[in-house]
Amino acid sequence: MPMEWRRLREKEIDHEFLWLAVSTVSIALGVVWLKAGLPAPGCVFHNFTGFACPTCGGTRCLRDFVAGHYWAAFVWNPLVFCVLVWTVLFDLYAILVLFLRLPRARISHVSSGTATGLRVVAVAMIAANWMYLIAAGR
Amino acid sequence: MNWYYSENNQRRGPVPQDELEQMAREGKITPDTLVWSEGMANWQPYREMFPAEVMQPSAGVPSLPGTDLPPSPVAGRDGPPWEQRGSVELGQAIVGTVKGVLFEPDQLFARMKCEGGIVNPLQYALLVGGAGMFVGSIYNIIYQKVEGYPGFSGNHAIERLHLTGSGVASELMLAIFLVPILVVLFTFIMSGLLHICLMILGGAAKSFETTFRVVCYSFGSAELFQVIPMCGWFIVIVWYAISTSVGIAKAHEISTGKAVAAVLLPLMLCCGVLVACVSLLVGLLAAASGAH
């Protein structure tokens, strides 16, 4: 995928600032929730069918991730673990470009073939993760 | 480089780039016209591909003497009443937007600006949706006083957060503090998830901003159903899903089926199954009552 590094255009959304703020506040609220020992939200799908939903184990994954138990976090829900790792990496990148006022990374064009490939990969990852969760009896 | 463009939902072209730019200068192509060229995954608005061109004033067109009129909005997309607060009173703007989103979503979202900043729709979500969410939290506080209430007890939260002492006042303060934060987080996270689902389904014809604007207006209006005790939250979910689906279809100019799939996907990934279950239950009850 061709990437370009450029300055923000006039009135363009500052995605780095936006998602850094959203992810930081979300994780902070999640950590406060867990540290306070409040009950984790239940899964309606699991209660109704007895099978894991694609995000089952997400709260336990976050709990172990915050505690630094990365393998345990991965085992709870690999996809949520990958999202958390991606979030941390993105936040580091966002802090860097915001504080140093660097140009931003943007995808310039995605060919239709690449876009289709990415869609297939995304669906396959969600499906594989879900099958793993069901097989692991989450 | 040759370009295709859309006109009355028909594909036109190919035309060379200089001809496309000439058509834009003549007004035959607006900033919202979708264009496509070899190598692009999706059709994109003209302004996305040629931002510098869009910013330039039309060559050869003199300004109207004695006036300082702003550029006219894109044809047909003048924004919901909330974005016309300069000419409409605040109350009318809120009521008009709520009524439009809840009861005529196809018309309202067909005239919603696809871009124009995220502040206006976020203000709407905070003011109107925040009010609904706050009323919902007051009900929740009341329910928790009822012995045997099976839901999550906020009292436990208060006790564990060491906020005991002033009872209901502490819970109200917590709600006042949390509601705006939750509204902002919800609108951004749901918009992000929805836009990713649109991209997976090949329906993200316009930018994230368009998706965000639809989510803000849908969420803000639907959240008002929280004023209905007990079942308000369920109506919120259903109405939110309906108005967002219509809004996404109109704003991104994609098929309703694709929009519905994109809206339901993030809901189904977690707790949206509840909607299906309750719908099934309601349907079965209705069928049972009809049989007698």
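Note that the coordinates shown come from a computational prediction; the quantities given were computed from them, not determined experimentally.

Draft legend 1. Local environment of the overall build of chain A. Of regular secondary structure, chain A possesses 6 helices and 2 strands. Reading chain A from its N terminus to its C terminus gives the helix and strand order β-α-α-α-α-α-β-α. Expected size for 138 residues packed as a compact globule is a radius of gyration near 14 Å; at 18 Å, chain A overshoots this value by more than 25%. Taking the principal axes of its C-alpha atoms as reference, chain A extends roughly 50 × 40 × 25 Å. Relative to its full complement of 138 residues, chain A shows a buried share of 30%. Put simply, 63% of the contacts in chain A that link residues at least 6 apart link residues at least 24 apart. Of the accessible surface of chain A, which amounts to about 8400 Å², a share of 73% is contributed by carbon and sulfur atoms. Charge separation in chain A, taken as the distance between the mean sites of 12 positive and 7 negative side-chain charges, equals 5 Å.

Draft legend 2. Region of the structure containing the pattern of salt bridges. Within this structure, the stated rule accounts for 10 salt bridges over all chains. In this structure, A:Glu4 engages A:Arg6 in a salt bridge whose closest nitrogen and oxygen atoms are separated by 3.3 Å. Across the pair B:Lys206 and B:Glu253 runs a salt bridge, and its minimum N-O distance is 3.0 Å. Pair noted here: B:Lys206 is in the loop between helix H8 (168-200) and helix H9 (208-222) and B:Glu253 is in the loop between helix H10 (232-252) and helix H11 (256-269), with a separation of 47 residues, a long-range link. Taking the relative accessible area as the measure of exposure, B:Glu253 reaches 43% and is therefore partly exposed. Salt bridges here are not isolated pairs; linked through shared partners, they connect A:Glu4, A:Arg6, A:Glu12, A:Asp14, A:Glu16, A:Arg104 and A:Arg106.

Draft legend 3. A look at helix H4 (residues 90-103) of chain B. Given a rise of 1.5 Å per residue, 14 residues ought to cover 20 Å, and the 20 Å separating the end C-alpha atoms of H4(B) matches this to within 8%. Of all the residues in H4(B), the buried ones are B:Ala93, B:Ile94, B:Thr97, B:Val98, B:Gly100, B:Val101 and B:Leu102.

Draft legend 4. Highlighting the environment of B:Ile228. Residues and elements named next belong to chain B. Within the element layout of this structure, Ile 228 appears in the loop between H9 and H10. Ile 228 sits in the partly exposed class, given a relative accessible area of 31%. With 211 residues separating them along the chain, Ile 228 and Gln 17 place their C-alpha atoms 55 Å apart. If near-sequence neighbours (up to four positions away) are discounted, Ile 228 is found in contact with Tyr 139 and Ile 235.

Draft legend 5. Structural context of the sheet that holds strand S2 (residues 10-16) of chain B. Residues and elements named next belong to chain B. Spatially, the 4 strands line up as an open sheet ordered S2-S1-S3-S4, and their pairing is antiparallel. In this open sheet, the two strands that pair with only one neighbour each are S2 and strand S4 (44-45). Sheet strands in contact with helix H1 (residues 17-25) are strand S1 (2-7), S2 and strand S3 (34-36), and its direction is about 120 degrees off that of S2.

Draft legend 6. Fine view of the packing of aromatic side chains. Inspection of every chain in the model, using the stated rule, returns 19 aromatic pairs over all chains. Between B:Phe208 and B:Phe212 the ring centres are 6.1 Å apart and the planes differ by 35 degrees, which places this aromatic pair in the tilted class. Note that B:Phe208 and B:Phe212 are positioned in helix H9 at a spacing of 4 residues, about one turn of the helix. No difference in accessibility class separates B:Phe208 from B:Phe212, as the two residues are buried. A network of ring pairs unites the aromatic residues A:Phe65, A:Tyr70, A:Trp71, A:Phe74 and A:Phe81 as a single cluster. Here the basic side chain of B:Arg85 rests over the ring of B:Trp82, its NZ or CZ set 4.1 Å away from the ring centre.

Draft legend 7. How the structure looks around the nonpolar core. Grouped together as the largest cluster of nonpolar side chains are 48 residues, with contacts concentrated most on B:Phe109, B:Phe188, B:Phe212, B:Tyr217 and B:Ile248. When contributions to this core are tallied by element, the ones reaching two or more residues are helix H1 (15-35) of chain A together with H4, helix H5 (105-111), helix H6 (119-145), H8, H9, H10 and H11 of chain B. For B:Ile248, the contacting residues outside a window of four places in its chain are B:Leu194, B:Leu198, B:Thr211, B:Val214, B:Glu253, B:Ile254, B:Ala259 and B:Val263. Core analysis: the second largest hydrophobic core is formed by 12 residues, B:Trp3, B:Val15, B:Met23 and B:Ala24 among them.

Here is what the cut-offs are and how they apply
Residues numbered from 1 in each chain as written. Chains lettered and ligands numbered in written order. Predicted model: local features only at pLDDT ≥ 70, side-chain atom pairs only at ≥ 80, totals over all residues. Heavy atoms only, no water. Helix = DSSP H or I, 4+ residues; strand = E, 2+ residues; numbered from the N terminus. Rg over C-alpha atoms; globule rule 2.2 N^0.38 Å. Buried < 20%, exposed > 50% of the residue type's maximum accessible area, 1.4 Å probe, protein only. Contact = heavy atoms within 4.5 Å. Areas by Shrake-Rupley, 256 points an atom, 1.4 Å probe, with all protein chains shown as cover. Lys, Arg positive; Asp, Glu negative; His and termini not counted. Charge placed at Lys NZ, Arg CZ, Asp CG, Glu CD. Salt bridge = Lys/Arg side-chain N within 4 Å of Asp/Glu carboxyl O. Expected span 1.5 Å × (residues − 1). Pairing = 2+ DSSP bridges. Axes fitted to C-alpha atoms, helices over the stretch in contact; angles between N-to-C directions. Phe/Tyr/Trp six-rings, centres within 6.5 Å; stacked < 30°, edge-to-face > 60°. Lys NZ or Arg CZ within 6 Å of the ring centre and 35° of its normal. Core = buried A, V, L, I, M, F, W, Y, C linked by side-chain atoms within 4.5 Å.

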